[in-house]
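Here are the chains, one letter per residue:
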Amino acid sequence: MFSTRQVRFPVLLTALALGLFATTETARGAGKRVLLLWQSPDGHPATTHEYETGIRVTANWLQQNTPHQVVVSQADSPWTDGPDRLTEADAVVMFVSQGAKWLREEPRRREAFQELAQREGGFAVLHWGMGTKQAEDIADFVQLFGACHGGPDRKYKFLTTALRVADSAHPIQRGLSGLDAIEDEFYYALKTLALPQKVVPLMEARIDDEWQMVSWAWERPAGGRSFGFSGLHFHRNWTEETYRRLVFQGIAWTLGDEIPERGLKVEIESNWLKLPERDTVEK
């Protein structure tokens, strides 16, 4: 049985939103099984690195707009049931802390991700989920996701800057527009190593007078699709339609969904953005 795990969400959720997490199977058809992973607060200030609520926003959108079966899992280590959940999944979305390190730190976990890749599963990753401080974590992650923010020479910057659509006709970019100004922490100069097929830049941010790739898509040579976006440090950026369109269409693309020429419907309900109460101390 592909079952959900209990998660802590605000009491202000509507009955409908609560119901979206009450079951993993919807009545809208035989969709794929999507595993959405989040972790507990990692020491960043409140309203940043809000993994739990960001995953709730994504899960609710998937439930309301696609036929896919959604499972939400808190992936704090040791995450002993995680490998079994991965064997039942068709795709995974990661919004976690140091995802490349997390993926590699437990052999069964890494093997389960690799097995999902062999089944041509979808991979999507957001912000610090694509990161690691250690260079040895990079290679395994890149082979699955296509790019990594990793190692002691990793590049990142807090700034207010422009965001533009890269010069590509990729389906994820349908209906997508840039932003004249957005405040975020962007990871850039991402590691892609020597991939047999290059990643496709989707969005670029203006950093140090250059346009830097901050989102990508990658069709893996052995089959399956991967997507990443290095923004979303600030929880408030979920209110930006450009961000939601990029993320939701990126996830949909990894699932093999058709994206119409004008893009998908990406509206959300305001109560989905409500943050849980928590004590947070900045590192």
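Refer to the structure above for everything that follows.
Residues numbered from 1 in each chain as written. Predicted model: local features only at pLDDT ≥ 70, side-chain atom pairs only at ≥ 80, totals over all residues. Heavy atoms only, no water.

Considering only enclosed or pocket space, the second largest pocket measures out at about 210 Å³ in volume. Around the second largest pocket sit 13 residues that line it, and Ala117, Gln143, Leu144, Arg220 and Ala222 are the ones nearest its centre. Elements that contribute at least two residues to the lining of the second largest pocket include exactly α5 (107-118) and α6 (138-145). (1 Å grid on protein atoms, 1.4 Å probe; cavity = no way out; pocket = protein on both sides within 12 Å on 5 of 7 lines; lining within 4 Å. Points joined across faces, edges and corners; volume = space filled by probe spheres on them. Helix = DSSP H or I, 4+ residues; strand = E, 2+ residues; numbered from the N terminus.)

A separate point is the nonpolar core. Generally speaking, a soluble globular protein has its nonpolar side chains buried in company with each other. Core analysis: the biggest nonpolar cluster contains 82 residues, and Leu37, Met94, Phe113, Phe186 and Phe229 have the highest contact counts within it. Take this core: its biggest share by element is seven residues, from helix α7 (residues 241-254). Residues contacting Leu37, with those up to four places away along its chain left out, are Ile55, Ser73, Ala75, Trp79, Val92, Val93, Met94, Phe95, Val96, Trp102 and Phe113. (Core = buried A, V, L, I, M, F, W, Y, C linked by side-chain atoms within 4.5 Å. Buried < 20%, exposed > 50% of the residue type's maximum accessible area, 1.4 Å probe, protein only. Contact = heavy atoms within 4.5 Å.)

Among the secondary structure elements, Val70 is positioned in strand β2 (residues 69-74). With relative accessibility at 4%, the residue Val70 sits in the buried group. A C-alpha to C-alpha distance of 9.5 Å links Val70 and Ala89, two positions 19 residues apart in sequence.

Taken as a whole and assessed by the stated rule, the structure comprises 11 aromatic pairs. Relative to Trp102, the ring of Trp79 has its centre 5.3 Å away and its plane inclined at 45 degrees; by these criteria the two rings are tilted. A residue pair is termed long-range when its members are at least 10 positions apart, and Trp79 in the loop between β2 and α3 (82-88) and Trp102 in helix α4 (residues 99-104) qualify at 23 residues. The two residues Trp79 and Trp102 agree in class, both being buried. Between Phe229 and Tyr243, the ring centres sit 5.0 Å apart and the planes meet at 80 degrees, which makes this aromatic pair edge-to-face. Highlighted residues: Phe229 in strand β11 (residues 225-229) and Tyr243 in helix α7, separated in sequence by 14 residues. Among the residues examined, Phe229 registers a relative accessible area of 0% and is labelled buried. On the basis of relative accessible area, Tyr243 is assigned to the buried category, the value being 1%. In this structure, Arg236 packs its charged tip against the face of Phe234, placed 4.3 Å from the ring centre. (Phe/Tyr/Trp six-rings, centres within 6.5 Å; stacked < 30°, edge-to-face > 60°. Lys NZ or Arg CZ within 6 Å of the ring centre and 35° of its normal.)

Following the criterion strictly, the structure yields 15 salt bridges and no others. Between Arg108 and Asp84 there is a salt bridge, with its nearest N and O atoms 3.9 Å apart. A residue pair is termed long-range when its members are at least 10 positions apart, and Arg108 in helix α5 and Asp84 in helix α3 qualify at 24 residues. Here Asp84 falls in the partly exposed class, since its relative accessible area comes to 45%. Salt bridges sharing common partners tie together Arg104, Arg110, Asp137 and Asp140. (Salt bridge = Lys/Arg side-chain N within 4 Å of Asp/Glu carboxyl O.)

In this structure, the amide linkage connecting Ser77 to the following residue, Pro78, adopts the cis form with an omega of 15 degrees. Here Pro78 lies in the loop between β2 and α3. Of note in this structure, Gln98 is not a glycine but carries a positive phi near 50 degrees. Its relative accessible area of 13% is what places Gln98 among the buried residues. Unlike most non-glycine residues, Leu193 shows phi in positive territory, near 55 degrees. Residue position: Leu193 is located in the loop between β8 (179-188) and β9 (200-207).

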